[in-house]
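# Tertiary structure, described
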Amino acid sequence: MRNTIRRPGLLVVISGPSGAGKSSTLRLVMERCGDICFSVSATTRRPRPGEEEGRHYYFVSCERFEEMRRNGELLECAEYAGDFYGTPAAPVLAGVAAGQVCVLDIEARGAIQVRRCCPDSVLVFISPPDRAELERRLRDRRTESEEKIKRRMEALEEQMAALPLYDYQVVNDVLDDAARSVLSIIEAERCRTSRALV
């Protein structure tokens, strides 16, 4: 009788500057990869209209968030505009143990924290083809003020400086190509003998 070989799970961190196309790339990747799950973050901020508990975020009090951080329940955490955000470890690790590809969309600081907790995680940086294209995309959204666009463009150099921390860079020039590249990275990483032998 032939034994069934289960594909190994994988923890993938996706980062990149705002406007690089992370969300669009991830949407295509998730449509095309059957056993992928997207990590839901915990946050201390209030829910916005239309946001659902457990689907968009886990909404927790500041006290509960601090308890999660203290107890090692978070893979990573950060503060933005006075609110705290973090990735609960249990669902991510359970998904990976069950053979799923678990994806986190977080910034470089969080990626470094995840790498410390999970050394076999795969870090992928999505970048725009160039500065001009990034600015064009930000303007085409029509959701950003001039001041916000300026701040995002100024932050680009700092974000690109984090590139050496990542395992892979995917330049999102053509969206479909970027999604295919991410899927290829996932496939190659799942074929590593070091993962199969764990």
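Computed from a predicted model, the values in this text were never measured in an experiment. (Residues numbered from 1 in each chain as written. Predicted model: local features only at pLDDT ≥ 70, side-chain atom pairs only at ≥ 80, totals over all residues. Heavy atoms only, no water.)

This part is about the confidence of the model for the protein. Any segment with low pLDDT has predicted coordinates that should not be analysed in fine detail. Averaged over all residues, the pLDDT of the protein equals 89, while 95% of them reach at least 70. Between the elements of the protein, mean pLDDT differs from a low of 76, seen in helix H5 (residues 131-141), to a high of 97, seen in helix H2 (residues 62-70). (pLDDT = per-residue confidence, 0-100. Helix = DSSP H or I, 4+ residues; strand = E, 2+ residues; numbered from the N terminus.)

This part is about the packing of aromatic side chains. Applying the stated criterion across every chain yields a total of 4 aromatic pairs. Their ring planes at 70° and their centres at 5.3 Å tell us that Phe125 and Tyr166 sit as a pair that is edge-to-face. With Phe125 in strand E8 (residues 122-127) and Tyr166 in the loop between helix H6 (146-160) and strand E9 (168-171), this residue pair connects regions lying 41 residues apart in the sequence. Its relative accessible area of 8% is what places Tyr166 among the buried residues. Linked through ring pairs, Tyr57, Phe59 and Tyr85 together constitute an aromatic cluster. (Phe/Tyr/Trp six-rings, centres within 6.5 Å; stacked < 30°, edge-to-face > 60°. Buried < 20%, exposed > 50% of the residue type's maximum accessible area, 1.4 Å probe, protein only.)

The next subject is the pattern of salt bridges. The full count for this structure, using the stated rule, is 14 salt bridges. Where Glu51 meets Arg45, a salt bridge forms, and the shortest distance between an N and an O atom there is 2.8 Å. Where salt bridges share partners, they join Arg32, Asp176, Asp177 and Arg180 into one cluster. (Salt bridge = Lys/Arg side-chain N within 4 Å of Asp/Glu carboxyl O.)

The next subject is helix H7 (residues 175-190). The end-to-end C-alpha separation of H7 is 23 Å, in line with the 22 Å expected for 16 residues at 1.5 Å each. Those residues of H7 that fall on the buried side of the exposure criterion are Ala178, Ala179, Val182, Leu183, Ile185, Ile186, Glu189 and Arg190. All buried residues of H7 lie within an arc of 155° about the axis, which places them on one face of the element. (Expected span 1.5 Å × (residues − 1). Arc of directions from axis to C-beta.)

Moving on, we get to the environment of Arg152. Relative to the helices and strands, Arg152 is located in helix H6. A relative accessible area of 28% places Arg152 in the partly exposed class.

Further remarks concern the side chain of Thr43. Along the chain, Thr43 turns up in strand E3 (residues 41-43). One polar contact links the side chain of Thr43 to the main-chain carbonyl oxygen of Phe84, over a distance of 3.0 Å. Contacts of Thr43, omitting those with residues within four sequence positions, involve Tyr57, Tyr58, Phe59, Val60, Phe84 and Tyr85. (Polar contact = N/O pair within 3.5 Å; in protein donor to acceptor, adjacent residues only side chain to side chain. Contact = heavy atoms within 4.5 Å.)

With that settled, the discussion passes to the sheet that holds E8. In space, the 5 strands of this open sheet follow the order E2-E7-E1-E8-E9, with parallel pairing throughout. Here the strands that pair on one side only, and so sit at the sheet edges, are strand E2 (36-38) and E9. Each neighbouring strand pair of the sheet contributes to a mean axis angle of 25°, computed without reference to strand direction. Bridge count between strand E1 (residues 10-15) and strand E7 (residues 101-105): 5 bridges; the pairing is parallel. Bridge pairing links Leu10 to Val101 in E7. Sitting on the sheet, helix H1 (residues 22-32) touches E1, E2, E7 and E8, and the angle it makes with E2 is about 145°. (Pairing = 2+ DSSP bridges. Axes fitted to C-alpha atoms, helices over the stretch in contact; angles between N-to-C directions.)

Reading across from one edge, E4-E3-E6-E5 is the order of the 4 strands in this open sheet, with mixed pairing throughout. This sheet does not close on itself; its edge strands, each paired only once, are strand E4 (57-59) and strand E5 (74-80). Averaged over all neighbouring strand pairs, the angle between strand axes comes to 25°, with direction disregarded. Bridge count for E3 against E4 is 3 bridges, and the pairing is parallel. Note on E4: the bridge partner recorded for Thr43 is Phe59. Sheet strands in contact with helix H3 (residues 89-97) are E5 and strand E6 (83-88), and its direction is about 25° off that of E6.

Burial within E5 is extensive, with 5 of its 7 residues counted as buried. Pairing of E5 with E6 involves 6 bridges; the strand directions are antiparallel. Bridging across to E6, Glu76 finds its partner in Thr87. In this structure, the hairpin formed by E5 and E6 is closed by a connection of 2 residues, where Ala81 is found at a positive phi of approximately 50°.

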